[in-house]
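Analysis of the macromolecular model
Residue-level listing of the chains:
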Amino acid sequence: MPDGFTLWFTGLSGAGKTTIAEIVGPELERRGHLVEYLDGDVVRTHLSKGLGFSKEDRDTNIERIGWVASRLTRHGAAVLVSAISPYEETRQKARELVEENGDFVEAFVATSVEECARRDVKGLYEKAFSGEIKEFTGVSDPYEEPSDPELRLDTEEQAPEESAQIVVGKLEELGLVRSEVPA
Ligand code: ADP
């Protein structure tokens, strides 16, 4: 069985974290990995139910995700995390937790706030700009860009499939995923 690792997508709401993870996941399964998804929006309805969007609550949410990711990594899973995770220090903590048990690969989905607002898939940016939603990352709450991510994905120049291909290529390069064996 392949070694476990955590692939951590960070970026603004609507940047494309989930979309890219959902293309990468099946490709990893095809190559023999056990895949688990930890999506920030979903985690907030279960494991982090009741938490809000203060810095403290955001940090608690990310630390919980990091802890679960670490446990799963230990058992050989490929863990795909999609969470805004706006604070560098907290992402670093998650990295340290995971690295006790396997590799941590940070993928910065570097979509600008302008592009996320233009897409506004969930209608949240409109509400954030009008003030109806407070503490909205990138609008009225901070987002600290990763200083040294393993991957930076430019979704304004790439289709989701291209971003996913870049991710899988990087995982191959790092020796975490087997290269495609010709049939
Ligand atoms: P997040 O998980 O970061 O909040 P989502 O994946 O839920 O973001 O939403 C991103 C939206 O942007 C989707 O509707 C997706 O179809 C769209 N999108 C457009 N272009 C891209 C791209 N190149 N990469 C990823 N998503 C894209």
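Rules and cut-offs
- Residues numbered from 1 in each chain as written.
- Predicted model: local features only at pLDDT ≥ 70, side-chain atom pairs only at ≥ 80, totals over all residues.
- Heavy atoms only, no water.
- Buried < 20%, exposed > 50% of the residue type's maximum accessible area, 1.4 Å probe, protein only.
- Helix = DSSP H or I, 4+ residues; strand = E, 2+ residues; numbered from the N terminus.
- Pairing = 2+ DSSP bridges.
- Core = buried A, V, L, I, M, F, W, Y, C linked by side-chain atoms within 4.5 Å.
- Contact = heavy atoms within 4.5 Å.
- 1 Å grid on protein atoms, 1.4 Å probe; cavity = no way out; pocket = protein on both sides within 12 Å on 5 of 7 lines; lining within 4 Å.
- Points joined across faces, edges and corners; volume = space filled by probe spheres on them.
- Near = heavy atom within 4 Å.
- Polar contact = N/O pair within 3.5 Å; in protein donor to acceptor, adjacent residues only side chain to side chain.
- Areas by Shrake-Rupley, 256 points an atom, 1.4 Å probe, with all protein chains shown as cover.

1. Overview of the pairing of strand E3 (residues 77–82)
With 6 of 6 residues buried, E3 is to be regarded as a mostly interior element. The side-chain alternation of E3 yields two buried faces, one formed by Ala77, Val79 and Val81 and the other by Ala78, Leu80 and Ser82. As paired strands, strand E1 (residues 5–10) and E3 are joined by 5 bridges and run parallel to one another. Across the sheet, residue tryptophan 8 finds its bridge partner in E3, namely valine 81.

2. Let's talk about the nonpolar core
Counting residues in hydrophobic clusters, the biggest one holds 30 residues, and the most contacted among them are Leu7, Phe9, Val24, Leu28, Val167 and Leu171. Looking at this core, the elements with two or more residues in it are E1, helix H1 (17–30), E3, strand E4 (103–109), helix H6 (124–130), strand E5 (151–153) and helix H7 (160–173). Not counting chain neighbours up to four residues away, the residues in contact with leucine 7 comprise Val24, Val79, Leu80, Val81, Val105, Ala107, Val167 and Leu171. The next biggest cluster of nonpolar side chains, apart from the first, holds 13 residues, and it includes Ile62, Val81, Ala94 and Val98.

3. A short note on the layout of surface pockets
Empty space within the largest pocket amounts to approximately 640 Å³. Ser13, Lys17, Asp41, Ile84 and Lys122 are, among the 36 residues lining the largest pocket, the residues nearest its centre. When contributions to the lining of the largest pocket are tallied by element, the ones reaching two or more residues are H1, helix H2 (40–43), helix H3 (55–74) and H7. For the lining of the largest pocket, the leading source of residues is H1, giving 4 residues.

4. Digging into the site of the ligand
Taken together, 15 residues lie around the ligand, and Gly14, Lys17, Thr18, Thr19 and Gln158 are the ones closest in. A distance of 3.2 Å is found between an oxygen atom of the ligand and a backbone nitrogen or oxygen belonging to alanine 15. A distance of 2.7 Å separates an oxygen atom of the ligand from a polar atom in the side chain of threonine 18. Protein contacts shield 78% of the accessible area of the ligand, which totals 570 Å² for the unbound molecule.

Everything listed here is a matter of geometry and, on its own, says nothing about what the molecule does.
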